[in-house]
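# Remarks on the overall topology
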Amino acid sequence: MTKADLEIVLALEQASFSHPWRYEHFLHELSSPHSFPLVAVAEGTVGGYVCLMSLFEEAQILDIVVAPYLRGRGIARALLEHAVTVAREKHAEIMTLEVRASNRAAIALYERFGFSRTGIRPKYYEGAEDALLMEKSLQGDR
C-alpha cells in the first residue's frame, strides 16, 4: 500500500464499515515501522487490502477488506496468506484479530484458515455489537 492507493482504500473502507478508518489512520499505518499494509490488485485496481501490525511475538490483523463486487474470489485468503508470511518473517508466534460476531462469512474464512475463537469483547462495535477475538499459532508448519 502506498499513499497513492489511499483514495481507493478509503472508498473500500467506507463501503465496508459503518465506522471506517480515516485517512490519517492509514497514513499512520504507512509510516509505522511495525505496520505492514498491503493492497491486492484485481481487475486493474485496488480490490482489497490488509493492515498488519507485528511487534515482538504477536502479529495482529487490524483491518482487512475486499471490494464487495470481488468477494468470494480468494482475495481475502491471499491477503491472509501474505499477512501470515510477513508475520513469520518478523518472528511472530501468534496472529490475532477481532471480527464482528455477526460477520459469519469472515468468521468462517478465519476458521478455515486456522484461527480459533478465544474470547469476546462485549459491545465493542458502536457500543452495541460484540467483537469475537480469534487467534492462530504461527509456530509449527512453515
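Scroll up to find the structure.
Report on the accompanying structure. (Residues numbered from 1 in each chain as written. Predicted model: local features only at pLDDT ≥ 70, side-chain atom pairs only at ≥ 80, totals over all residues. Heavy atoms only, no water.)

For the rest of this paragraph, the subject is the pattern of salt bridges. Under the counting rule described, the total for this entry stands at seven salt bridges. Residues participating in the shared-partner salt-bridge network are Arg 100, Glu 126 and Glu 129. (Salt bridge = Lys/Arg side-chain N within 4 Å of Asp/Glu carboxyl O.)

Before going further, it helps to examine the packing of helix α1 (residues 6-16) against helix α2 (residues 23-31). Two elements in contact, α1 and α2, have axes separated by 10 Å at closest approach and are oriented at 125°. Judged by the angle between their axes, α1 and α2 are oblique. Helix-helix and strand crossings are classified by hand; for α1 and α2 the assignment is right-handed. Taking contact as the criterion, the partners of Leu 6, Val 9, Leu 10 and Glu 13 in α1 are, on α2, Tyr 23, Phe 26, Leu 27 and Leu 30. In terms of residue class, the contact of α1 with α2 is made up of seven nonpolar, no polar and one charged. (Axes fitted to C-alpha atoms, helices over the stretch in contact; angles between N-to-C directions. Helix = DSSP H or I, 4+ residues; strand = E, 2+ residues; numbered from the N terminus. Parallel < 35°, antiparallel > 145°, perpendicular 65-115°, else oblique. Left-handed = near helix turned anticlockwise from the far one by under 90°. Contact = heavy atoms within 4.5 Å. Nonpolar A, V, L, I, M, F, W, Y, C, P; charged D, E, K, R; others polar.)

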